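# Breakdown of the fold
The chain contents come next:
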Amino acid sequence: MMKKKSVSARKASLVLFLCQMISALDVPLDSKLLEELSQPPTITQQSPKDYIVDPRENIVIQCEAKGKPPPSFSWTRNGTHFDIDKDAQVTMKPNSGTLVINIMNGGKAEAYEGVYQCTARNERGAAISNNIVIRPSRSPLWTKEKLEPNHVREGDSLVLHCRPPVGLPPPIIFWMDNAFQRLPQSERVSQGLNGDLYFSNVQPEDTREDYICYARFNHTQTIQQKQPISVKVFSMDSLNDTIAANLSDTDIFGAKPVTERQPVLLTPTGSTSTKVELRGNVLLLECIAAGLPTPVIRWIKEGGELPANRTFFENFKKTLKIIDVSEADSGNYKCIARNRLGSAHHVISVTVKAAPYWITAPRNLVLSPGEDGTLICRANGNPKPNISWLANGVPIAIAPEDPSRKVDGDTIIFSHVQERSSSVYQCNASNEYGYLLANAFVNVLAEPPRILTPANKLYQVIADSPALLDCAYFGSPKPEIEWFKGVKGSILRGNEYVFHDNGTLEIPVAQKDSTGTYTCVARNELGKIQNEVHLEVKDPTMIIKQPEYKVIQRYGQVSFECVIKHDSTLLPTIIWLKDNDELPDDERFLVGKDNLTIMNVTDKDDGTYTCIVNTTLDSVSASAVLTVVAAPPTPAIIYARPNPPFDLELTGQLERSVELSWIPGDENNSPITNFVIEYEDGLHEPGVWHYQTEVPGTQTTVQLKLSPYVNYSFRVIAVNEIGRSQPSEPSEQYLTKSANPDENPSNVQGIGSEPDNLVITWESLKGFQSNGPGLQYKVSWRQKDVDDEWTSVIVANVSKYIVSGTPTFVPYEIKVQALNDLGYAPEPSEVIGHSGEDLPMVAPGNVQVHVINSTLAKVHWDTVPLKTVRGHLQGYKVYYWKVQSLSIRSRRHVEKKILTFRGNKTFGMLPGLEPYSSYKLNVRVVNGKGEGPASPDKVFKTPEGVPSSPSFLRITNPTLDSLTLEWGSPTHPNGVLTSYILKFQPINNTHELGPLVEIRIPANESSLILKNLNYSTRYKFYFNAQTSVGSGSQITEEAITIMDEGAGKAMASRQVDIATQGWFIGLMCAVALLILILLIVCFIRRNKGGKYPVKEKEDAHADPEIQPMKEDDGTFGEYSDAEDHKPLKKGSRTPSDRTVKKEDSDDSLVDYGEGVNGQFNEDGSFIGQYSGKKEKEPAEGNESSEAPSPVNAMNSFV
């Protein structure tokens, strides 16, 4: 019995039917066979179901299909036939069903809204597309409304409503100010999913008049702006002042101070809500709470865990995002808002529904007449989808009857089909959330057997190895395959053969007697066909004398043998390796026919040498080790290059060969290793010598191959280890006869330089390759896959020819043939070239960006149709650039970066992004001509990262027990700073570190006074910033508190000596007298009720050190920070001359993160007390930080 690797054809059909497989007959992917077989239509490309179009551009509704014969196309609109011939604005592309609706020449997109469906039909059935709903995009204007200013008390919550216009598709919402800068958002202030701007509690710095909501409509690339919204925040201090100004002294007044409040949810309202989401979509749940301090949001799933790897938190954890949701994600999700006063929560009951999705989509079914088969259409969804069938686009209940067909729910069963049963069936699975439509054809074919394996194919194998003889076939019904050996041999049976289902005959162990002709016969009820193949079994290659282990003295000579035996019909090649690598490029290594010789052996020649013998069918190898030892000392020998050979003689002159002989010169104590033969062509290149060949140093004659039409002279150079000899004297000249060219030009190419030409180039033949006078080239071309005749032209003395007027980027068959006065060279081989490329026509679509982390993103896109590339697809370029940092409101030069992804890729990674930034990107396809149009810009944002180190850390004002620290914010915050971390520890005289103290400082502070430190002690400080992601790199500094009191007393004693001087006592008495006189004058004028000049000056220029709080806004007097190099403000301390500037400034403490809420510590008794820049600091270098002394007091007085 035959040995089978799988079940027979009849059993296979039964198994496939029982398992409800879709295809009963496999059609090989043979291009010639596929062109000949009839096939019902198949939809290959169609527009999306929900197709939103730009009303300013032409509408293109795609419908492409294939089939044999090619299908025709028709359309319905809103369920009725759409006669495109009656509408001048609508055209259908040739050989296609794609509709083009001309909007740009007068048509209106609104007139073509509706539901479209395409039908592709041929004699074997009809396939239909999805229902394509065409809707033009809309970007309406904002409705005009009168916006009242929002007056709100400090600490209260606030919601600014956006209420964008309803567009198609919905717009993207964002808030900006008049300067087109995004409004900063935080845990306290953030934008909700509905576009509204929520304030958990308002602060005075929220006062502004330019809260502007923007709506961006991407389809039309337009942005609509809402009228600015004004917000005025009243602080408690200013409110108390206002009330006091309007009440008498006897009234009781006073607004309550800002009180902390426990959280209350702003959205969603109530304690519970529901949410329905579809399977596969992104689930977004939102909770935004009011409260003071600002509440923190936490999410949990009741009775379960949040899904790992699919859960993300956005908008400062106010939004829970779960991607690719499934029914298992249904349940109750609780958000909890908490601050130190309490908590509030809300439960969202999530139900995941599902539009229909495939479990088993119907697949095309190819059957033979009389066979059985099934089409299965199984889908799932929530609710369960309804399954309905159509035949050729018509509901199956009213379709023409087919006795071989029986519908059983989601399955159609076919029994004893006939050719007329060929049809296209549609399965529709639908529920309230959507539908699926799939086409699957039943193609009944009656085809006689065909054998696809080429006739008389030769197979060669080595004896005792398996042999596989192919017999690829096709037929309907499925043919039976039989094998015979010889023309009239009997059918092959027995365990020595294996018969594969694909027709292949396997001989597991081929022997020499297996050689011969084998016949494959395929037959079914419609006919029989046979094919012959040939098998040759070769003798294996063997190494009969292997290389042996050798020990050789340094500078000696060694040989390894490798004698082989092989099949006489196979051509072996021998390769030698040293330590499994190529032999060194060294003239000392001589490879002979069956040996390897190493001359003048050195230590580096130690190693393992392997002989590898390869044929086209097998390979064998053998190895041996060479050990090099030191050579005994020898007397010095003078080595030199060999003397040149002499007495060159030419004998045996023929048209294409000659024999050259010579006598070697003296080798000068270094054996000649080889001879190099060179030639001169006195006819084409006189005076130029070319390399001809080389032979071993033991050979003094050589048979040289010659070319026609060359006047040869030869010379010989001897070579030894020292170098090359001088060339010998030239031989006598020998002129060969002319002949037809033996070869054609090489490196023939066809590459267009312009979209409408084809540039054919080649490497011209060298002079001696012409074989005769009158060298020319016959250039021929014709368009590939088009039944055209060859077009030819004969040119001379060029290596390029330009064919003009070609179509853009089409393949051409090209050949270039050499000819001379005696005739043509052999027929050249054909090469494929292409006419010129043009820029790609379309941009990649469906560009998506997935942000992986704060510095890395992955971009996806859909490949463009190859027809639109119009050239060799080289890849895709991604242009991306940073729009702005989300943490630093500053404009910067936009530097676009470009990444190129070679080949037909659909994604790429964008590394090196900056954290917490907004980026834009677009994608372009690239061919040899250049880049195509860019896809629409895609905006994406990177999440927060850790910040860089603070820009500086400065330690000033050292005292006995305190130090003042000042710092600058990080140059790259990479997010919203949450706090600063300060660590410090003392260092003793032996540089040992003491205990480490850590302090957390609010992010809006820029200085800190450390108190209760040890006097005269060195401290080391470590300082870094934090975002919600983590801590950044730290900056370190060291500082020393000043000396102890003993040193202070010494200084005081020195100062007392100065104070006891006579001149100083006299001066102080004069000053006291002058003050007494002034006091008397002031007392007299005060009693009279008048004002005196000192009083006026005090009123005009109050001392900033004693200036009270301002009456209008309760803030402290303005000042200028020496670090900022800003002009000093009215009422501020001046640097050295203590003069007062009269000009005003817009700068204030608010600019430095402070204002009415600045906190002052009363006692300053604990280490780690911090304060903002509440107290005036002297300009650097103008005032001393030392304790005052009488000398200093005197200088100040003067």
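Coordinates for the structure precede this section.
Here the structure is a predicted model, which is why all the values come from computation and not from measurement. (Residues numbered from 1 in each chain as written. Predicted model: local features only at pLDDT ≥ 70, side-chain atom pairs only at ≥ 80, totals over all residues. Heavy atoms only, no water.)

### As for the overall build of the chain
Summing up its helical and strand segments, the chain has eight helices and 85 strands in all. Each of the 1198 residues in the chain was classed as buried or not, and the buried ones make up 39%. Of all intrachain contacts in the chain linking residues separated by at least 6 positions in sequence, the fraction that spans at least 24 positions is 66%. Split by element, the accessible area of the chain, about 65,000 Å² in all, is 52% carbon and sulfur. (Helix = DSSP H or I, 4+ residues; strand = E, 2+ residues; numbered from the N terminus. Buried < 20%, exposed > 50% of the residue type's maximum accessible area, 1.4 Å probe, protein only. Contact = heavy atoms within 4.5 Å. Areas by Shrake-Rupley, 256 points an atom, 1.4 Å probe, with all protein chains shown as cover.)

### A look at the packing of aromatic side chains
Under the definition given, this model contains 21 aromatic pairs. Ring geometry for F414 versus Y425: centroids 5.5 Å apart, planes at 65°, classification edge-to-face. With F414 in strand 35 (residues 411-414) and Y425 in strand 36 (residues 423-431), this pair connects stretches of sequence that are 11 residues apart. Taking the relative accessible area as the measure of exposure, F414 reaches 0% and is therefore buried. For the ring pair W861 and Y876, a centre distance of 5.4 Å and an interplane angle of 45° mean the geometry is tilted. Here W861 is found in strand 73 (residues 856-862), whereas its partner Y876 is found in strand 74 (residues 875-885), with 15 residues between them in sequence. Judged by its relative accessible area of 2%, W861 is buried. Residue classification places Y876 among the buried residues on the basis of a relative accessible area of 0%. (Phe/Tyr/Trp six-rings, centres within 6.5 Å; stacked < 30°, edge-to-face > 60°.)

### Looking at the pattern of salt bridges
Throughout the structure, instances matching the rule amount to 39 salt bridges. Note that E813 is salt-bridged to R782, the shortest N-O span being 2.6 Å. Of the two residues, E813 is situated in strand 69 (residues 811-820) and R782 in strand 66 (residues 776-783); the sequence distance between them amounts to 31 residues. If you follow the salt bridges from partner to partner, you end up with D177, R208 and D210 in one network. (Salt bridge = Lys/Arg side-chain N within 4 Å of Asp/Glu carboxyl O.)

### Observations regarding the sheet that holds strand 72 (residues 845-853)
The three strands lie next to each other as 72-73-76, forming an open sheet whose pairing is antiparallel. Only two strands of the sheet have a single partner each, and these edge strands are strand 72 and strand 76 (907-910). The sheet shows a mean angle of 20° between the axes of neighbouring strands, taken without regard to direction. With four bridges connecting them, strand 73 and strand 76 associate as antiparallel partners. Across the sheet, the residue bridging to A857 is L910, located in strand 76. (Pairing = 2+ DSSP bridges. Axes fitted to C-alpha atoms, helices over the stretch in contact; angles between N-to-C directions.)

### Considerations on the pairing of strand 60 (residues 685-696)
Bridging between strand 59 (residues 674-681) and strand 60 involves eight bridges; their strand directions are antiparallel. When the sheet's bridge partners are listed, E680 is paired in strand 60 with W689.

### Section: the nonpolar core
In terms of nonpolar packing, the biggest core is built from 30 residues, with I59, I61, W75, I101, Y116 and I134 touching the most fellow members. Within the residue set of this core, elements represented by two or more residues are strand 2 (50-53), strand 3 (59-61), strand 4 (63-68), strand 5 (72-77), strand 8 (99-101), strand 9 (114-122) and strand 11 (132-136). Per element, the largest residue contribution to this core is three residues, and it comes from strand 9. The residues touching I101, leaving out its near neighbours within four places in the chain, are N58, I59, I61, Q89, V90, Y112 and Y116. (Core = buried A, V, L, I, M, F, W, Y, C linked by side-chain atoms within 4.5 Å.)

### Observations concerning the environment of A391
Among the secondary structure elements, A391 is positioned in strand 32 (residues 386-391). Sequence separation between A391 and A440 is 49 residues, and the spatial gap between their C-alpha atoms is 9.8 Å. Apart from the residues within four sequence positions on either side, A391 is in contact with I396, A399, R405, S423, V424, Y425 and Q426.

### Focus on a nonpolar patch on the surface
Together, L1073, L1076, I1077, I1080, V1081, F1083 and I1084 make up a nonpolar patch on the protein surface, roughly 660 Å² of accessible area in all. Mapped onto the elements, L1076 comes out in helix 6 (residues 1062-1087). (Patch = residues over 30% accessible without salt bridge, like charges linked within 9 Å, V, L, I, M, F, W, Y side chains within 5 Å.)

### A look at unusual backbone geometry
Excluding glycine, a negative phi dihedral is what most residues carry, and trans is how most peptide bonds are arranged. Residues L292 and P293 are joined by a peptide bond in cis, for which omega reads 5°. For P293, the location among the structural elements is in the loop between strand 23 (288-292) and strand 24 (296-301). S476 connects to P477 through a cis peptide bond whose omega is 5°. Tracing the backbone through its elements, the reader meets P477 in the loop between strand 41 (473-476) and strand 42 (480-485). The phi torsion at F316 lies on the positive side, around 60°, for a residue other than glycine. Turning to its location among the elements, F316 is positioned in the loop between strand 25 (311-314) and strand 26 (319-322). On the accessibility criterion, F316 (27% relative accessible area) is partly exposed. For D324, which is not glycine, the phi torsion reads 50° and is therefore positive.

### Quick word on the state of the cysteines
Here the structure, examined in full by the defined rule, presents six disulfides. Each sulfur in the disulfide pair C63 and C118 lies 2.0 Å from the other. The disulfide joining C63 to C118 has a torsion of about -70° about its S-S bond and is therefore left-handed. Placement of C63 in strand 4 and of C118 in strand 9 is noted, with a sequence separation of 55 residues between them. In this structure, C63 and C118 share a single accessibility class: buried. (Disulfide = S-S within 2.5 Å.)

### Points about the side chain of Q426
When you line up the elements, Q426 lands in strand 36. Judged by relative accessible area, Q426 falls into the buried class, the value being 0%. Side-chain polar atoms of Q426 contact the side chain of N439, separated by 2.8 Å. Not counting residues up to four positions away in its chain, the partners in contact with Q426 are A126, A127, I128, S388, W389, L390, A391, N392, G393, L437, A438 and N439. (Polar contact = N/O pair within 3.5 Å; in protein donor to acceptor, adjacent residues only side chain to side chain.)

### Thoughts on the sheet that holds strand 53 (residues 589-591)
Strand order across the open sheet formed by three strands is 49-54-53, with antiparallel pairing between neighbours. Both edges of this open sheet fall to strand 49 (558-561) and strand 53, since each of them pairs with a single strand only. Averaged over neighbouring strand pairs, the angle between their axes works out to 15° when direction is ignored.

### Here's the deal with the environment of N595
The residue N595 is located in strand 54 (residues 595-598) in this model. In this view, N595 contacts F560, E561, W576 and L590; residues no more than four positions away in its chain are not counted.

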